2 protein chains.
Amino acid sequence: MNLFNNIMSQRIVISLDAMGGANAPRAVIEGASIALNKNPNLYFKIFGNQQLIGNLFEQFPILKENYEFIETGTYISDDEQPIKALKNGVNSSMRKAIDAVKENAAVACVSSGNTGALMVMAKLVLGELPGIKRPAIVGVVPNLNGGTVMLDLGANAECDETNLFQFALMGDCFAKIILDKKSPTIGLLNVGVEQIKGREIEKKTYNLLKKSGLNFIGYVEGHDLTKGVVDVVVTDGFSGNIVLKTAEGTARLLMQIMKQGFQNNLSSKIGGLLAKKSLKESFKSVDPNVNNGAMFIGVNGIVVKSHGGAEAIGFANAINVAYDLAQRNINQEIIKEFDILQGEMSLGQNIVEKIKKTSARILGIGS
Amino acid sequence: MNLFNNIMSQRIVISLDAMGGANAPRAVIEGASIALNKNPNLYFKIFGNQQLIGNLFEQFPILKENYEFIETGTYISDDEQPIKALKNGVNSSMRKAIDAVKENAAVACVSSGNTGALMVMAKLVLGELPGIKRPAIVGVVPNLNGGTVMLDLGANAECDETNLFQFALMGDCFAKIILDKKSPTIGLLNVGVEQIKGREIEKKTYNLLKKSGLNFIGYVEGHDLTKGVVDVVVTDGFSGNIVLKTAEGTARLLMQIMKQGFQNNLSSKIGGLLAKKSLKESFKSVDPNVNNGAMFIGVNGIVVKSHGGAEAIGFANAINVAYDLAQRNINQEIIKEFDILQGEMSLGQNIVEKIKKTSARILGIGS
């Protein structure tokens, strides 16, 4: 009994929205089984529609005794307006999965569903972390350098320098856990690396980050993301969103051209067959399923957004992200770091004030 | 003699900065010879340093009698600060090539050199087109739909809705000539296609474009660029620059992964050899050399910026862009369209004003 209690207490309970995304509910249930295989102390609270799930649970026997199913009946469709979803979706699988985090019945929740709906629900139900003004969407952009954390990927179209500064702080905590870096390097997205480049907001944020104590290395450009020049790229939600979608669109275009190139003639077709396995292996490093799992960072709870088109293996990776973030207490890390940086920065300002006053006294122009 | 005069009068004189870009001066001189082969009525005024050019002219005999070389001695380095270049580069090859346009000695100028320097010089020497508040950088982003015109690619980090509206107008004229479209479709870059999405500037610009008479189809997203959903994508210079660099970076990354994939083992190596020619052919459609040639649109003269890394074939394409823009009088087109749209829009505003006044009278709340 003691042993059983011990195992139970070590269990990481994650709530899953079984109904979100193009491949739901199969990708969710199968994804859960894949994640459980990797982390046997996972336990799932799965919210969804039994009729649509059918006998999926039985198809993945590893899940047995490692999940609880909660019938919700309704679910949020992918094209539902977030505000409507908030109003009408109180009993939806997505909402119930978030509620479970609020009620401490789960340490994190994962959904492949409607991004806007998930975001407004998470903010409403969980609220913000103390001191954090705006939650952001943070995720990993794949590259050959192990990936780069980027935020905001689209939660806040308009930001000020305080928002971007807090994004840097939260991105730092996220990268420490997800990229497993001790002191992640941080870059601010801009149109050039020289200090004179950019808008007012980049210049103001640069100055804040310079004296922050974070491992801030300065401005980075669009191509630095795919080069993996830094561990964390900070930008507003407008820029982050168009960068992410441009990268995805470009990747899709090139893959399409490559496939067409192999179809041109007999020689290229045979070449394609011979190289297929090896190419597949190489492209794995930038497979969106591998880096799947974005977080609504800054809300008072762990909410992970899986890509709407994620397959089972991708959903399993999103669960792994939620698992790691919960295991390593990301939100406690953010609160702690926030306190330290606030302290350091106010100390820094005091010093600047002191120097100013001293100089003024010496020059005889003030007290 | 008459025939000779006739040919001379039909000549399109383009000034070239022979010293700009990573492959100068060879790419410039060789590029000129390739362009001349396509358009025999081209004539070049080539500005540069004879010592560095050496015997390049003799290597491309087609150029004979179709160019004039002007020794300039100095040139602008790629890392020179634009303001310094403006101050110290009065006798540089870049500046002299722009001066030639100002003095009507050439109808257009082409340079692969320092973008910032070229831009500030072009603005200073040529000034803006009447009514145009801010010149922009416009270019073609490659896709399988014949390419999409995009602006601003980086001239103005911060813009207002009037700037973006004028970018749309100028992009329309550019697409008519370069994409050869009668009524180019225009999209405004945003984080989603719904009307509620985006920042204040997108909403304000949307409203201006909706009533503009341009073929405006609404918002487009990052991935719509590579899909070629519209002919022209309008955005501010911050967003345009990061989108362009992200697309370039992503393309480079995937090409690198593909090359690595072919190197993995014997089978993939043979496959690569068999497919090489066909793949090369397929990727031509998105080769940056093919779509080379961005314009500083909105200045009172035609200044074409070739990619800094352009090879001879790429530089030739930039000359072709300058040739087409000059032949079809882009700047006259812009002035004409500007007048028409201004007229239509002020007419539209009059109608709105009239309706307001009438309603007010009916409701008894005004004159």
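Residues numbered from 1 in each chain as written. Chains lettered and ligands numbered in written order. Predicted model: local features only at pLDDT ≥ 70, side-chain atom pairs only at ≥ 80, totals over all residues. Heavy atoms only, no water.

Observations regarding the overall build of chain A
Here comes step 1: Each helix and strand in chain A was counted, giving 14 helices and eleven strands.
Here comes step 2: In terms of overall dimensions, chain A has C-alpha extents of about 85 × 65 × 45 Å along its principal axes.
Here comes step 3: For chain A, with 367 residues in total, the buried portion stands at 54%.
Here comes step 4: A separation threshold of at least 6 residues defines the contact pool for chain A, and within that pool the share at least 24 residues apart is 72%.
Here comes step 5: Summed over all atoms, the accessible surface of chain A reaches about 16,300 Å², with 53% contributed by carbon and sulfur.
Here comes step 6: Mean positive and mean negative side-chain charge positions of chain A (38 and 35 charges, respectively) differ by 3 Å. (Helix = DSSP H or I, 4+ residues; strand = E, 2+ residues; numbered from the N terminus. Buried < 20%, exposed > 50% of the residue type's maximum accessible area, 1.4 Å probe, protein only. Contact = heavy atoms within 4.5 Å. Areas by Shrake-Rupley, 256 points an atom, 1.4 Å probe, with all protein chains shown as cover. Lys, Arg positive; Asp, Glu negative; His and termini not counted. Charge placed at Lys NZ, Arg CZ, Asp CG, Glu CD.)

Regarding the packing of aromatic side chains
All names here are of chain A.
Here comes step 1: Inspection of every chain in the model, using the stated rule, returns nine aromatic pairs over all chains.
Here comes step 2: Taking the centre distance of 4.2 Å and the plane angle of 10 degrees together, the rings of phenylalanine 57 and tyrosine 67 count as stacked. Placement of the pair is phenylalanine 57 in helix H4 (residues 56-59) and tyrosine 67 in strand S3 (residues 67-71), with a sequence separation of ten residues.
Here comes step 3: Take phenylalanine 57: its relative accessible area is 6%, and that puts it in the buried class.
Here comes step 4: Ring geometry for tyrosine 206 and tyrosine 219: centres 4.8 Å apart, planes at 45 degrees, overall tilted. Within this pair, whereas tyrosine 206 is found in helix H9 (residues 200-210), its partner tyrosine 219 is found in strand S8 (residues 216-220), the two being separated by 13 residues in sequence.
Here comes step 5: A network of ring pairs unites the aromatic residues Phe57, Tyr67 and Phe69 as a single cluster. (Phe/Tyr/Trp six-rings, centres within 6.5 Å; stacked < 30°, edge-to-face > 60°.)

Focus: the relation of the copies chain B and chain A
There are two copies of the chain, and a rotation about an axis plus a shift along that axis relates them.
Here comes step 1: When chain B is brought onto chain A, the operation consists of a screw motion whose angular component is 180 degrees and whose axial shift is 0.0 Å, with 0.0 Å RMSD remaining. What the superposition gives is, in effect, a two-fold axis relating one chain to the other. Relative to the rotation axis, the closest C-alpha in chain B is found at glycine 271 of chain B, a distance of 1.8 Å.
Here comes step 2: Interface overlap between copies: 100% of the residues of chain B at the interface are likewise at the interface in chain A, consistent with a symmetric, same-surface contact. (Least-squares fit on C-alpha atoms with pLDDT ≥ 70 in both.)

Focus on the sheet that holds strand S7 (residues 186-189) of chain B
All names here are of chain B.
Here comes step 1: Taken in spatial order, the eleven strands of this open sheet run S3-S2-S1-S4-S11-S10-S5-S6-S9-S7-S8, and their pairing is mixed. Looking along the sheet, the strands with just one partner apiece sit at the ends: strand S3 (67-71) and strand S8 (216-220). On average, adjacent strands in this sheet sit at an angle of 25 degrees to one another, irrespective of strand direction.
Here comes step 2: Bridge count between S7 and S8: four bridges; the pairing is parallel. By the bridge assignment for S8, leucine 188 is matched with tyrosine 219.
Here comes step 3: In the packing of helix H7 (residues 115-126) onto the sheet, contacts are made with strand S4 (108-111), strand S5 (136-141), strand S10 (294-297) and strand S11 (302-305), and the angle to S11 comes to roughly 180 degrees.
Here comes step 4: Contacting S5, strand S6 (148-151) and S7, helix H11 (residues 237-263) crosses the sheet at an angle of about 135 degrees to S6. (Pairing = 2+ DSSP bridges. Axes fitted to C-alpha atoms, helices over the stretch in contact; angles between N-to-C directions.)

Here's the deal with the domain arrangement of chain A
All names here are of chain A.
Here comes step 1: The assigned domain composition of chain A is domain 1 (1-127 + 299-328) and domain 2 (134-290).
Here comes step 2: Every contact between the two is made by 14 residues of domain 1 and, on the other side, eleven residues of domain 2.
Here comes step 3: Note on domain 1 versus domain 2: buried area summed over both sides is about 1,000 Å², and carbon and sulfur give 64% of it.
Here comes step 4: Ranking the residues of domain 1 by area buried against domain 2 places Met119, Leu325 and Arg328 at the top, with a combined share of 43%.
Here comes step 5: Here domain 1 is connected to domain 2 by one salt bridge.
Here comes step 6: Aspartate 180 serves as the salt-bridge partner of arginine 328, at 3.3 Å between the closest nitrogen and oxygen. (Domains from an automatic or database assignment. Buried area = accessible area lost by both parts, 1.4 Å probe. Salt bridge = Lys/Arg side-chain N within 4 Å of Asp/Glu carboxyl O.)

Re the nonpolar core
Generally speaking, nonpolar side chains in soluble globular proteins are found buried as a group.
Here comes step 1: Counting 72 residues, the largest nonpolar core has Ile98 and Phe296 of chain A together with Ile98 and Phe296 of chain B as the members making the most contacts within it.
Here comes step 2: In contact with isoleucine 98 of chain B, other than residues within four places in its own chain, are Cys109, Leu118, Met121, Ala122, Val125 and Leu126 of chain B. (Core = buried A, V, L, I, M, F, W, Y, C linked by side-chain atoms within 4.5 Å.)

Some words on the environment of isoleucine 217 of chain A
All names here are of chain A.
Here comes step 1: Along the chain, isoleucine 217 falls in strand S8.
Here comes step 2: Residue classification places isoleucine 217 among the partly exposed positions, given a relative accessible area of 42%.
Here comes step 3: Put simply, isoleucine 217 and threonine 185 are 32 residues apart on the chain and 6.5 Å apart in space, counted from C-alpha to C-alpha.
Here comes step 4: For isoleucine 217, the contacting residues outside a window of four places in its chain are Thr185, Ile186 and Val230.

A word on the pattern of salt bridges
Here comes step 1: Evaluation of the coordinates by the stated rule reveals 26 salt bridges over all chains.
Here comes step 2: Here lysine 176 of chain A ties to aspartate 172 of chain A by a salt bridge, and the two come within 3.0 Å at their closest N and O atoms. With lysine 176 of chain A and aspartate 172 of chain A both in helix H8 (residues 161-178), this residue pair falls four residues apart, about one helical turn.
Here comes step 3: Put simply, aspartate 99 of chain B and arginine 95 of chain B hold a salt bridge, and the shortest N to O gap is 3.1 Å. Here arginine 95 of chain B and aspartate 99 of chain B lie together in helix H6 (residues 93-102), a separation of four residues that amounts to about one turn.
Here comes step 4: Using a relative accessible area of 13% as the deciding quantity, one classes arginine 95 of chain B as buried.
Here comes step 5: It is possible to trace a salt-bridge network through shared partners that takes in Asp172, Lys176 and Glu337 of chain A.

A short note on the side chain of asparagine 114 of chain A
Residues and elements named next belong to chain A.
Here comes step 1: In this structure, asparagine 114 sits in the loop between strand S4 (108-111) and helix H7 (115-126).
Here comes step 2: A relative accessible area of 7% means that asparagine 114 is categorised as buried.
Here comes step 3: Looking at asparagine 114, its side chain comes within polar contact range of the main-chain oxygen of glutamate 80, at 2.8 Å.
Here comes step 4: Looking at asparagine 114, its side chain comes within polar contact range of the main-chain nitrogen of alanine 117, at 3.0 Å. (Polar contact = N/O pair within 3.5 Å; in protein donor to acceptor, adjacent residues only side chain to side chain.)

Here's the deal with the interface of chain B and chain A
Here comes step 1: With 55 residues of chain B in contact, the opposing surface of chain A contributes 55 residues.
Here comes step 2: A salt bridge links glutamate 221 of chain A to lysine 245 of chain B, with the shortest nitrogen-to-oxygen separation between them at 2.3 Å.
Here comes step 3: There are 16 residue pairs in polar contact (both at pLDDT 80 or more) connecting chain B and chain A.
Here comes step 4: Within the residue set of the side of chain B that touches chain A, elements represented by two or more residues are helix H9 (200-210), helix H10 (222-227), H11 and helix H12 (266-283) of chain B.
Here comes step 5: Looking at the side of chain B that touches chain A element by element, the count peaks at 22 residues for H11 of chain B.

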